[in-house]
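Remarks on the overall topology
Single-letter residue listing:
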Amino acid sequence: QVQLVESGGGLVQAGGSLRLSCAASRSIFSFNVMGWYRQAPGKQRELVALITSDGSTNYVDSVKGRFTISRDNAKNTVYLQMNSLKPEDTAVYYCSAKEIRTIVAVLDYWGQGTQVTVSS
């Protein structure tokens, strides 16, 4: 059973920064993609950023230039550095990992979420 444990959320003023961490219970080399999602009250969960096993990254337009996803393979941890935070970034942030074993065996893992609140 894979565990993903997020940390680093909290309350910050607009314009501030936070760094989220996602520690995996096994080597993150085994995951094809890792990512951060967020869900604000009354809204659908959205993909914020992802990083592939070869280090390629992608971001939703609303966070480009402000957020950076990275990985530390030695620590089995993925990070989300969030700068220039805005009130609309307020949400529960979830770490996810995708393991593609075969064309019909794709496993998705999720963390428990961490709250990020940005005050205006």
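Now for a description of the structure that goes with this document. (Residues numbered from 1 in each chain as written. Predicted model: local features only at pLDDT ≥ 70, side-chain atom pairs only at ≥ 80, totals over all residues. Heavy atoms only, no water.)

Considering the arrangement of structural elements, one finds V33 in strand β4 (residues 33-39). Residue V33 is classed as partly exposed on the basis of its relative accessible area of 25%. Taking the C-alpha atoms as reference points, V33 and K98, 65 residues apart in sequence, are found 5.3 Å from one another. When residues no more than four places from it in sequence are discounted, the contact partners of V33 are L50, I51, T52, S96, A97 and K98. (Helix = DSSP H or I, 4+ residues; strand = E, 2+ residues; numbered from the N terminus. Buried < 20%, exposed > 50% of the residue type's maximum accessible area, 1.4 Å probe, protein only. Contact = heavy atoms within 4.5 Å.)

Counted by the stated rule, this structure contains two aromatic pairs. Of note, R45 hangs over the ring of Y94, and the distance from its end group to the ring centre comes to 3.8 Å. The ring of W110 is capped by R45, whose NZ or CZ atom sits 4.8 Å from the centre of that ring. (Phe/Tyr/Trp six-rings, centres within 6.5 Å; stacked < 30°, edge-to-face > 60°. Lys NZ or Arg CZ within 6 Å of the ring centre and 35° of its normal.)

As for its position among the elements, R66 is in the loop between β6 (57-59) and β7 (67-72). The class of R66 is buried, set by a relative accessible area of 10%. Among residues more than four places away in sequence, those in contact with R66 are Q81, M82, N83, S84, L85, K86 and D89.

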